[in-house]
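# Coordinate inspection notes
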Amino acid sequence: MSDFFTISVIVATLASGIRLATPFLLAALGETIGQRSGVLNLGVEGVMLIGAFAAYYTALETGSALLGLVVAMTVGAAMGLVYAFITVVMQAEQGISGIGIYLFGLGFTDLLFQKLVGTPVPIEGLGRIEIPLLSDIPWFGEIFFQHSLMVYVAFLLVPAVWFMINRTTFGLNIRAVGETPEAADTLGVSVEWTRTATIVIGNTFAGLAGGALALEVGIFQQNLTAGQGFIAIALVYFGAWRSIGVMAGALLFGIVSATVLQWKTLGIVSGAASSLTAMAPAILTIVVLVIVSRRIAAPGALAKPFHRSA
Amino acid sequence: MELTEELEPFDDLERPTDPTVEPDALSYKILKVCAGLIVPFAAVIAALAVGAIMLVALGANPLSGYSAMISGAFGGWDELADTALKSMPLLLVGVGICIAFRAGVINLGGEGQIIMGAILSTVVALAVPGLPRIILVPIVLLAGALGGAIWGAIPGALKAYAGVSEILSTIMMNIVAAQFLSFLLQDLLIEEGAIRIQQTERLTENADLPLLPGDTRLHLGVIIALLVAVLGYILLFRSALGVRLRAVGHNAHASRYAGMPVGRSVVQALAFSGACAGVAGAILVFGSESHRLIGEGGAIGFTQNAGFNGIVAALFGGLHPLATIPAAFLFGGMLTGGIELQRELQVPAAMIVALNGVVVIFVVSSLKMRSRVNAAVEKFHTDSGGKT
């Protein structure tokens with residue numbers, strides 16, 4: 001354990017934690033937008049997988065990681081349209097339809113991977129972008145300013161999403177539709193279109209998150225995300241549906257995961273025990289939820305299909 | 001989060017009857033049940049159509065694939081037995097879901113509850129292998145129920161007393177259970193000398209579920225699942241506890257105002273739901289060919305995603321434990337047939353997982369249609385003066 005508490009190891013762990021947090025953060029921000037408008041999307045994991053495969057395959061075939069990200073976003077948006085149809089038009093039970101999307105994404109990406117790629121081939125990810133001057137600061141430079149593009153994008157999206165939800169008309173509509181859709185409807189706000197928009201945006205973020213993950217890891221495999229999508233959903237509750245809270249949650253999760261990994265690398269925990277420590281993020285989420293749940297209220301209309309009762 | 005009433009189309013079969021009104025004709029009741037089944041059926045057909053597109057894209061022939069699927073599921077006694085075996089965990093989890101959903105609780109923790117049931121029953125079998133079969137089998141099943149019940153009660157308590165959304169806590173509990181299983185199978189429970197393979201030793205023969213007469217692989221587990229379905233029906237629709245659970249599910253606020261113990265009901269609902277899944281876990285271990293507890297959960301592991309698919313079976317059956325029986329059988333048929341389809345067309349097994357997801361999406365999306373169809377049937381009935 002004393003190996004762990006050296007400055008360089010801790011710095012590396014924190015940097016790694018920020019890197020690991022990025023896919024959670026992106027997916028969770030997207031889910032937050034959706035949930036503020038009253039839509040629960042449990043299929044985030046499936047969309048992330050689809051985005052991950054899309055990015056991986058595009059990068060593999062074209063050699064361009066950036067194009068991979070664009071494709072991942074497009075594919076995410078397409079899945080968003082599908083989910084919007086299921087949720088807004090067909091008014092399906094949102095918890096279950098999300099799980100259906102998850103199963104579909106899991107199987108479909110595995111299928112495509114086996115048919116189109118076969119044996120995993122590593123790809124060139126996005127390189128590190130070192131911010132001039134700032135990245136030379138000892139220790140802090142390594143933690144904050146030597147990351148890949150997607151990390152910066154994800155963290156910049158935090159204030160952007162806050163701004164959109166709290167300082168724009170669209171954001172006002174989102175919040176109204178999420179709290180009392182009947183009232184919003186009476187005032188002329190289209191509940192259906194608002195929710196469609198948030199769903200598409202949310203799923204685009206999820207696709208992007210998957211793409212970022214694939215490019216970061218440099219490879220694709222069956223069930224690449226391994227539950228990260230579900231954890232991202234949990235982070236929305238953790239963050240009390242505020243983007244800054246979601247960021248805090250993602251960082252907490254990322255750093256805990258990075259610490260656990262570091263312990264495994266350093267041999268502090270081995271083999272079997274590493275499964276126990278892998279539980280830590282899930283248990284931590286529950287504990288924090290217990291502490292936090294008493295004081296925070298969910299969006300009033302979360303997960304309730306909207307019926308116009310006229 | 002409350003479930004809308006549209007999810008209970010078979011409820012009117014249970015409504016107390018007004019003696020001054022003529023009881024509904026049997027033909028009308030049958031018509032309603034058929035109408036209720038048509039919609040999810042159509043949904044499955046639509047899903048299979050999407051699957052056909054995927055198959056064509058993979059260069060396979062959907063017609064030969066689907067005919068292989070049907071014959072693989074229902075083509076002969078052996079196939080029917082396999083389908084029944086596949087449906088067994090779906091039915092058990094589905095009955096549990098009926099209980100939970102009717103009490104207003106969304107239980108997405110089936111996977112974890114199955115795993116914990118399997119673990120506890122395995123531990124019991126490893127602890128007392130010498131007991132005679134007639135005692136050990138029931139004990140093992142009860143252990144499974146207990147393991148699942150505990151794993152369900154925890155999120156129930158978290159919801160009732162700490163306000164934690166059960167959607168989240170059950171998903172997190174799934175992750176914890178899967179990791180716990182992985183840990184146990186690498187350390188405490190692993191077979192002697194099997195370092196790389198995550199499995200226990202071959203568990204005691206005394207705990208093997210007895211095979212049913214006939215030359216098939218059918219075992220006692222199928223009978224138990226049917227029994228649990230009947231018990232679930234009795235619990236939900238013929239007991240005071242069931243009335244309470246359903247009242248809380250319909251309107252928690254009103255129930256609380258009426259003095260019903262809402263918190264306790266939530267915990268009970270999730271505990272019963274988890275118990276059903278836990279029994280499935282035990283049966284999956286002790287009815288399996290290998291008679292060991294193996295590897296993971298999830299789509300590829302020993303649970304075969306029954307924790308999620310059971311939800312679909314329950315929805316298919318309108319959240320009625322008895323209707324879940326044919327629903328689970330059909331769904332099990334799809335999964336069993338899927339293996340045959342995969343074999344016939346040489347497509348990867350992942351195809352079945354994807355198809356599974358598509359069916360779930362279509363069935364769930366169709367439920368609103370189903371309530372509209374039901375409403376239309378009722379209107380037709382009353383408009384024609386009750387003569388149909």
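These remarks concern the structure in this document. Keep in mind that what you see is a predicted model, and the values were worked out from it rather than measured.

Turning next to the nonpolar core. One finds B:F101 and B:F302 to be the most contacted residues of the largest nonpolar core, which totals 189 residues. Within the second largest apolar cluster, 5 residues are counted, among which are A:A184, A:V189, A:V191 and A:F306.

So, on to the pattern of salt bridges. As enumerated under the stated definition, the model contains 3 salt bridges over all chains in all. Residues A:R19 and A:E216 are paired through a salt bridge, measuring 3.4 Å at the closest nitrogen-oxygen approach. Residue A:R19 is located in helix α1 (residues 7-36), and its partner A:E216 is located in helix α9 (residues 191-217); the two are separated by 197 residues in the primary sequence. A:E216 gets classed as partly exposed once you look at its relative accessible area, which sits at 32%. Its salt-bridge partner being B:R343, residue B:E340 comes within 3.4 Å of it at the nearest N-O pair. Of the two residues, B:E340 and B:R343 both sit in helix α12 (residues 324-345), 3 residues apart, roughly one turn of that helix.

On to the packing of helix α2 (residues 44-62) of chain A against helix α3 (residues 65-89) of chain A. Residues and elements named next belong to chain A. Running from N to C, α2 and α3 cross one another at 145 degrees; their axes reach a closest spacing of 7 Å. α2 and α3 meet at a crossing whose hand is right-handed. Between α2 and α3, the contacting residues are V47, I50, G51, A54, A55, T58, A59 and T62 on the first element and A65, L67, G68, V71, A72, V75, G76 and M79 on the second. A class-by-class count of the residues in the contact of α2 with α3 yields 11 nonpolar, 5 polar and no charged.

A cluster of nonpolar side chains, contributed by A:I7, A:L134, A:I137, A:W139, A:F140 and A:F144, occupies part of the molecular surface with about 600 Å² of accessible area. Structurally, A:F144 can be placed in helix α5 (residues 140-144).

What follows concerns the environment of A:A282. Residue and element names in this part refer to chain A. Counting through the fold element by element, A282 comes out in helix α13 (residues 280-293). For A282, a relative accessible area of 2% gives the class buried. Spatially, the C-alpha atoms of A282 and F253 are 9.0 Å apart, while their sequence positions differ by 29 residues.

It is worth spelling out the interface of chain B and chain A at this point. Residue-level contacts link 53 residues of chain B with 46 residues of chain A. Between chain B and chain A, the buried area comes to about 4,200 Å², and carbon and sulfur atoms account for 80% of it. Linking chain B to chain A there are 0 salt bridges. At the boundary of chain B with chain A, the tally comes to 0 residue pairs in polar contact (both at pLDDT 80 or more). The set of elements that each furnish at least two residues to the side of chain B that touches chain A consists of α5 (133-162), α6 (166-186), α11 (306-316) and α13 (350-383) of chain B. When grouped by side-chain class, the residues that make up the side of chain B that touches chain A number 36 nonpolar, 13 polar and 4 charged.

Let us now look at empty space enclosed by the protein. Residues and elements named next belong to chain A. On inspection of all chains with the given rule, the structure shows 5 cavities of 30 Å³ or more. Looking at the second largest cavity, its volume works out to about 90 Å³. G30, E31, N41, G202 and N203 are the residues nearest the centre of the second largest cavity, which is lined by 13 residues in total. Among the secondary structure elements, those contributing two or more residues to the lining of the second largest cavity are α1 and α9. Take the lining of the second largest cavity: its biggest share by element is 5 residues, from α9. Here the residues of the lining of the second largest cavity sort into 6 nonpolar, 6 polar and 1 charged.

Turning our attention to the state of the cysteines. Residues and elements named next belong to chain B. According to the stated counting rule, one finds 0 disulfides over all chains in the structure shown. Between C98, a cysteine without a disulfide, and C276, which holds the nearest cysteine sulfur, the sulfur-to-sulfur distance is 9.1 Å. On the basis of relative accessibility, which here comes to 0%, the residue C98 falls in the buried class.

Conventions and cut-offs
- Residues numbered from 1 in each chain as written.
- Chains lettered and ligands numbered in written order.
- Predicted model: local features only at pLDDT ≥ 70, side-chain atom pairs only at ≥ 80, totals over all residues.
- Heavy atoms only, no water.
- Core = buried A, V, L, I, M, F, W, Y, C linked by side-chain atoms within 4.5 Å.
- Buried < 20%, exposed > 50% of the residue type's maximum accessible area, 1.4 Å probe, protein only.
- Salt bridge = Lys/Arg side-chain N within 4 Å of Asp/Glu carboxyl O.
- Helix = DSSP H or I, 4+ residues; strand = E, 2+ residues; numbered from the N terminus.
- Axes fitted to C-alpha atoms, helices over the stretch in contact; angles between N-to-C directions.
- Left-handed = near helix turned anticlockwise from the far one by under 90°.
- Contact = heavy atoms within 4.5 Å.
- Nonpolar A, V, L, I, M, F, W, Y, C, P; charged D, E, K, R; others polar.
- Patch = residues over 30% accessible without salt bridge, like charges linked within 9 Å, V, L, I, M, F, W, Y side chains within 5 Å.
- Areas by Shrake-Rupley, 256 points an atom, 1.4 Å probe, with all protein chains shown as cover.
- Buried area = accessible area lost by both parts, 1.4 Å probe.
- Polar contact = N/O pair within 3.5 Å; in protein donor to acceptor, adjacent residues only side chain to side chain.
- 1 Å grid on protein atoms, 1.4 Å probe; cavity = no way out; pocket = protein on both sides within 12 Å on 5 of 7 lines; lining within 4 Å.
- Points joined across faces, edges and corners; volume = space filled by probe spheres on them.
- Disulfide = S-S within 2.5 Å.

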